[in-house]
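Below are the chains, spelled out letter by letter.
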Amino acid sequence: MRQLTAFDAVAREGSVSAAAERVSLSQGAVSMSLAELESHLGAPLFHRRGRRLVLNDFGRSMQAPVRDLLERADAIEHSARGAALRGHLRIAASSTVGNYLLPQLIAAFVAAHPGVNIDLEVGNTGQVEAAMVAMRADFGLIEGFSHHSGLQAKHWRDDELCIIAAPGHRVTAAQRLTAADLAAERWVLREAGSGTREVFANASRDLLPDLDVVLELGNSEAVKRAVQTGVGLGCLSRLAVATELRHGELVVLDVPELQLQRQLFALTPPDFAPSALLSAFLTHIDFVPR
């Protein structure tokens, strides 16, 4: 590219000195680049007439394609530096993040940057890890703990799980419950491998050692629908049940013994080096890689 840049500058200006000034190089650097290019091509590109250099027939045939190539290279560099964000991002996210946080964030980002396309793959934490390892995703967001040694998990934001029941369920009569009050109840929970299930299992292991899990379901929507029938109690993120709580379709049980706060994590490879586009998206969602 340095040689082609020197050639284009000399072709435009007609002398090494003027070309050097145009591209902010020394005259020696321009002369050397031009000599290297002619040596590589095996033919001269200019007629030398004193200090003037005039394109020969071969040089004239090279001028248009070289200029086109340099313009394309300049456009690539301009885009890479974020002058106009364009491109395609692939994001993997676990269920709560992917269904209840990211859609609004992604919609606002692509509205602000019409040249950007984003694919969102939603699964449980284990599936997000698998997508990252298989390089199907540029970036991951999870609600559980990462157990993959080849990935880095960094805090993104906080969240809280809550115990939910159908309105009118017998346990809703009590203003405050203990874990013992819930020990005999049936439960509807997310599947093993989900971050929600892992956080709940860790919080309830000593207080509720023998849960009667009647249903294990693969997404939060299914858990909500089942709990609404009264078949059992559930545990989901407050983000996932906000609409149902507002409409009175579910109620939250106050169980102070259960510590259900959790962190949401960004998942990256160890050598994470985000592009200009991905860096802009990370800024948009308030995540700063460290």
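What counts and what doesn't
Residues numbered from 1 in each chain as written. Predicted model: local features only at pLDDT ≥ 70, side-chain atom pairs only at ≥ 80, totals over all residues. Heavy atoms only, no water. Helix = DSSP H or I, 4+ residues; strand = E, 2+ residues; numbered from the N terminus. Expected span 1.5 Å × (residues − 1). Buried < 20%, exposed > 50% of the residue type's maximum accessible area, 1.4 Å probe, protein only. Axes fitted to C-alpha atoms, helices over the stretch in contact; angles between N-to-C directions. Parallel < 35°, antiparallel > 145°, perpendicular 65-115°, else oblique. Contact = heavy atoms within 4.5 Å. Nonpolar A, V, L, I, M, F, W, Y, C, P; charged D, E, K, R; others polar. Core = buried A, V, L, I, M, F, W, Y, C linked by side-chain atoms within 4.5 Å. Left-handed = near helix turned anticlockwise from the far one by under 90°. Salt bridge = Lys/Arg side-chain N within 4 Å of Asp/Glu carboxyl O. Pairing = 2+ DSSP bridges.

Trainee: Tell me what's going on with helix α1 (residues 2–13), and back it up with residues and numbers.
Mentor: If you check α1, its first and last C-alpha atoms are 16 Å apart, about what twelve residues at 1.5 Å a residue would give, namely 16 Å. Residues of α1 that are buried: Leu4, Ala6, Phe7, Asp8, Ala9, Val10 and Ala11. Positive phi shows up at glycine 14, right after α1, with a value of about 85 degrees.

Trainee: Summarise the packing of helix α2 (residues 16–23) against helix α3 (residues 27–41); cite the residues concerned and give the values.
Mentor: Contact geometry for α2 and α3: axes closest at 8 Å, N-to-C directions at 105 degrees. On the basis of the axis angle, α2 is roughly perpendicular to α3. Contact residues: α2 offers Val16, Ser17, Ala19, Ala20 and Val23, while α3 offers Gln27, Val30 and Ser31. The residue inventory of the contact of α2 with α3, partitioned by class, reads five nonpolar, three polar and no charged.

Trainee: Just give me the short version of the nonpolar core, but keep the residues and values in it.
Mentor: Counting 24 residues, the largest nonpolar core has Leu102, Ile118, Phe139, Leu141, Trp156, Phe281 and Ile285 as the members making the most contacts within it. At the level of elements, β3 (87–94), α5 (95–112), β4 (116–123), β5 (139–142), β11 (261–268) and α11 (276–284) are the ones that each hand at least two residues to this core. For this core, the element with the highest residue contribution is α5, accounting for six residues. Residues in contact with leucine 141, not counting those within four places in the same chain, are Ala92, Ala93, Ser94, Val97, Leu102, Val128, Trp156, Phe265, Ala266 and Ile285.

Trainee: Report on the packing of helix α9 (residues 220–228) against helix α10 (residues 238–246), specifying residues and quantitative values.
Mentor: Between α9 and α10, the least distance of the axes is 10 Å, while the angle of their chain directions is 40 degrees. As the angle between them shows, α9 and α10 are arranged oblique. Crossing of α9 against α10: the hand is right-handed. Residues Ser220, Lys224, Arg225 and Gln228 of α9 lie in contact with α10, whose contacting residues are Ala240, Val241 and Glu244.

Trainee: So what's going on with the environment of leucine 161? Residues and values would help.
Mentor: The residue leucine 161 is located in strand β6 (residues 152–165) in this model. A sequence separation of 70 residues divides leucine 161 from valine 231, and the C-alpha atoms of the two residues are 20 Å apart. For leucine 161, the residues in contact, after removing those within four places along its chain, are Thr196, Val199, Phe200, Cys235, Leu236, Ser237, Leu260 and Arg262.

Trainee: Can you tell me about the pattern of salt bridges, naming the residues and giving the values?
Mentor: In a structure, side chains of opposite charge can pair up when their charged atoms sit close to one another. For the coordinates displayed, the defined rule picks out 18 salt bridges. For the salt bridge of glutamate 38 with arginine 48, the shortest nitrogen-to-oxygen distance reads 3.1 Å. With glutamate 38 in helix α3 and arginine 48 in strand β1 (residues 46–49), the pair connects residues that are ten residues apart, well separated along the chain. On the accessibility criterion, glutamate 38 (12% relative accessible area) is buried. Classification of arginine 48 by relative accessible area gives partly exposed; the value is 46%. Glutamate 244 is the partner of arginine 225 in a salt bridge, and the nearest nitrogen-oxygen pair spans 3.1 Å. Pair noted here: arginine 225 is in helix α9 and glutamate 244 is in helix α10, with a separation of 19 residues, a long-range link. What makes glutamate 244 buried here is its relative accessible area of 6%. Linked by salt bridges that have partners in common, Glu221, Lys224, Arg225 and Glu244 make up one network.

Trainee: Account for the pairing of β4, with residues named and values stated.
Mentor: Summarising the sheet, β3 and β4 pair through eight bridges and their orientation is parallel. Residue pairing in the sheet places alanine 92 in a bridge with glutamate 121 of β4.

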